[in-house]
Amino acid sequence: MVWVPLSPTSSDRRAPLRTPSTTTMSLEWLTGWSWSLDGLRDFIATGIQSFRDCDATALAAVACLLVLFVWYCYHVGREQPRAYATVNALMQSAEANGVQNGFVYCQSPECVRCSHHDGLNQKLYHNLQEYAKRYSWSGMGRIHKGIREQGRYLNSRPSIQKPEVFFLPDLPTTPYFSRDAQKHDVELLERNFQTILCEFETLYKAFSNCSLPQGWKMNSTPSGEWFTFYLVNQGMCVPRNCRRCPRTYRLLGSLRTCIGNNVFGNACISVLSPGTVIAEHYGPTNIRIRCHLGLKTPSNCELVVGGEPQCWAEGRCLLFDDSFLHTAFHEGAPEEGPRVVFMVDLWHPNVAAAERQALDFIFAPGR
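Bear in mind the structure is a predicted one, so any value in this text is a computation, not a measurement. (Residues numbered from 1 in each chain as written. Predicted model: local features only at pLDDT ≥ 70, side-chain atom pairs only at ≥ 80, totals over all residues. Heavy atoms only, no water.)

1. Examining the overall build of the protein chain
Piece 1. Helix and strand content of the protein chain: 13 helices and 14 strands.
Piece 2. Across the 367 residues of the protein chain, 44% fall into the buried class.
Piece 3. Expressed as a percentage of contacts within the protein chain between residues at least 6 apart in sequence, the contacts between residues at least 24 apart total 76%.
Piece 4. Of the roughly 20500 Å² that the protein chain leaves accessible, carbon and sulfur atoms contribute 56%. (Helix = DSSP H or I, 4+ residues; strand = E, 2+ residues; numbered from the N terminus. Buried < 20%, exposed > 50% of the residue type's maximum accessible area, 1.4 Å probe, protein only. Contact = heavy atoms within 4.5 Å. Areas by Shrake-Rupley, 256 points an atom, 1.4 Å probe, with all protein chains shown as cover.)

2. What to know about the packing of aromatic side chains
How two aromatic rings sit relative to each other is given by the distance of their centres and the angle of their planes.
Piece 1. On inspection of all chains with the given rule, the structure shows 9 aromatic pairs.
Piece 2. Summarising the aromatic geometry, the rings of Y204 and F207 are spaced 4.8 Å apart at their centres and angled 40 degrees between planes, so their arrangement reads as tilted.
Piece 3. Judged by its relative accessible area of 30%, Y204 is partly exposed.
Piece 4. Between F207 and W216 the ring centres are 5.1 Å apart and the planes differ by 70 degrees, which places this aromatic pair in the edge-to-face class.
Piece 5. With a relative accessible area of 18%, F207 lands in the buried category.
Piece 6. One residue, R339, lies across the ring of W312, its end atom 4.6 Å from the ring centre. (Phe/Tyr/Trp six-rings, centres within 6.5 Å; stacked < 30°, edge-to-face > 60°. Lys NZ or Arg CZ within 6 Å of the ring centre and 35° of its normal.)

3. What about the packing of helix 6 (residues 120–134) against helix 13 (residues 353–362)?
Piece 1. As a packed pair, helix 6 and helix 13 sit with axes 9 Å apart at the nearest point and diverge in direction by 120 degrees. Relative to helix 13, helix 6 is oriented oblique. The two elements helix 6 and helix 13 cross, and the hand of that crossing is right-handed. Here L124, N127, L128, E130 and Y131 of helix 6 come into contact with helix 13, specifically with A354, Q357, A358, F361 and I362.
Piece 2. Classifying every residue of the contact of helix 6 with helix 13 gives 7 nonpolar, 2 polar and 1 charged. (Axes fitted to C-alpha atoms, helices over the stretch in contact; angles between N-to-C directions. Parallel < 35°, antiparallel > 145°, perpendicular 65-115°, else oblique. Left-handed = near helix turned anticlockwise from the far one by under 90°. Nonpolar A, V, L, I, M, F, W, Y, C, P; charged D, E, K, R; others polar.)

4. Remarks on unusual backbone geometry
Piece 1. The phi dihedral of Q234 is positive, around 55 degrees, even though this residue is not glycine.
Piece 2. Within the secondary structure layout, Q234 lies in the loop between strand 5 (226–233) and strand 6 (236–237).
Piece 3. At N300, a residue that is not glycine, the phi angle is positive and equals roughly 60 degrees.
Piece 4. With respect to the element layout, N300 can be found in the loop between strand 9 (288–296) and strand 10 (301–305).

5. With respect to helix 9 (residues 183–191)
Piece 1. Burial in helix 9 covers these residues: D185, V186, L188, L189 and E190.
Piece 2. The elements touched by buried residues of helix 9 are helix 10 (193–204), helix 12 (246–254), strand 9, strand 12 (317–320) and strand 14 (339–347).

6. Observations regarding the sheet that holds strand 11 (residues 308–310)
Piece 1. In spatial order, the strands read 8-13-10-11; together these 4 strands make up an open sheet with antiparallel pairing. A strand with exactly one partner marks an edge of an open sheet, and here the two such strands are strand 8 (276–281) and strand 11. Averaged over all pairs of adjacent strands, the angle between their axes in this sheet comes to 15 degrees, without regard to strand direction.
Piece 2. Bridge count between strand 8 and strand 13 (residues 326–330): 4 bridges; the pairing is antiparallel. Along strand 13, the bridge assignment pairs T276 with H330. (Pairing = 2+ DSSP bridges.)

7. Overview of the pairing of strand 9
Piece 1. Among the 9 residues of strand 9, 8 are classified as buried, and the element is accordingly described as predominantly covered.
Piece 2. Relative to strand 14, strand 9 runs antiparallel, the two being bridged by 8 bridges. Along strand 14, the bridge assignment pairs I289 with L346.

8. Digging into the confidence of the model for the protein chain
Piece 1. Per-residue pLDDT for the protein chain averages 80, and the proportion of residues at 70 or more is 73%.
Piece 2. Every residue in residues 1–25 is under pLDDT 50, and counting partners more than four places away or in other chains gives 2 contacts.
Piece 3. Confidence over residues 79–113 falls short of pLDDT 50; this stretch has 78 contacts with residues more than four positions distant or in other chains. (pLDDT = per-residue confidence, 0-100.)

9. Quick word on the pattern of salt bridges
Piece 1. Applying the stated rule across the entire model yields 12 salt bridges.
Piece 2. A salt bridge links D345 to R290; its shortest N-O distance comes to 2.7 Å. A residue pair is termed long-range when its members are at least 10 positions apart, and D345 in strand 14 and R290 in strand 9 qualify at 55 residues. Here D345 and R290 have matching classes, each one buried.
Piece 3. Shared partners join several salt bridges into a network, and the residues in it are R288, R290, D322 and D345. (Salt bridge = Lys/Arg side-chain N within 4 Å of Asp/Glu carboxyl O.)

10. Some words on the packing of helix 6 against helix 7 (residues 141–148)
Piece 1. Packing of helix 6 against helix 7 brings their axes to within 9 Å, and their N-to-C directions diverge by 160 degrees. The pairing of helix 6 with helix 7 is recorded here as roughly antiparallel in orientation. Remark: the crossing between helix 6 and helix 7 carries left-handed chirality. Here N121, L124, Y125 and L128 of helix 6 come into contact with helix 7, specifically with I143, H144 and I147.
Piece 2. Looking at side-chain class alone, the contact of helix 6 with helix 7 contains 5 nonpolar, 2 polar and no charged residues.

Dropping the structure here:
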């Protein structure tokens, strides 16, 4: 007898293949599961048996690691280093640290920002060791290298770039930076251009009553007049000035890369009267980039950094590395009025977060 397979009928071909739905299976599985005491007891017993079957040595190693982790968390929490303060935190203690007439007068011969002596490198290395003892040496290679060979770096730098206090090696160098280098902070400053300008205009009215109103500083220049009104000077907040510019001061706290925790951080309004020339000079370090937000920019005003001239524009930010030789001048007519910028120091974009925290500790004000 020969078996011949029957071909499916048309109705068979049209009939859909029925499979149990996922929802039905899930409901049946949940319905079938019974959370009885017997089931719970069996579950716990199985877990205990699995634990007993583990190797005792492995369990001991895991327990030791857990104990070490808990001890480390306790140690770090109990021995916090110097507070990683924001600009806001500095305001509470600044009045007791030599702030007079709106800017910081250095009163300590051991100030890192103003010291130029043979023991500076030893002092910086001591601060780095103290930081590493409390935190970690991880990520400190470039800072360690910079401190160890600081004398050679500063003496061998080309004349176009020669920071006076601290040089961090292996950072990209360029006189000017694009706006994208610190895009968030640049855009935030430019959006608040009118706010900063209004507070400046209120401050500047005081010049009609006296030669140098309280809170302003007159800087030395070969010709003309250069005034600055500091909110943060060398890492120290100036409370009286900040209270006179409350919205600008609050804006500083919103900047992601503002240097407000060490002696290289500044924020101020800078005014050049017509006929003013600022002598060529170098900034103290290359770990920062200086941002100028143009508030009032008459014609014939220029900033020259590393031999490259640039002009300010109202409501726009100009970023540059002030460790390069730089100067500025205002050669406009007296009737054009002063050149005014809001200046704030931002971190160099290639300084890592761990390095920023360490540098804030090493160069903390009064350290």
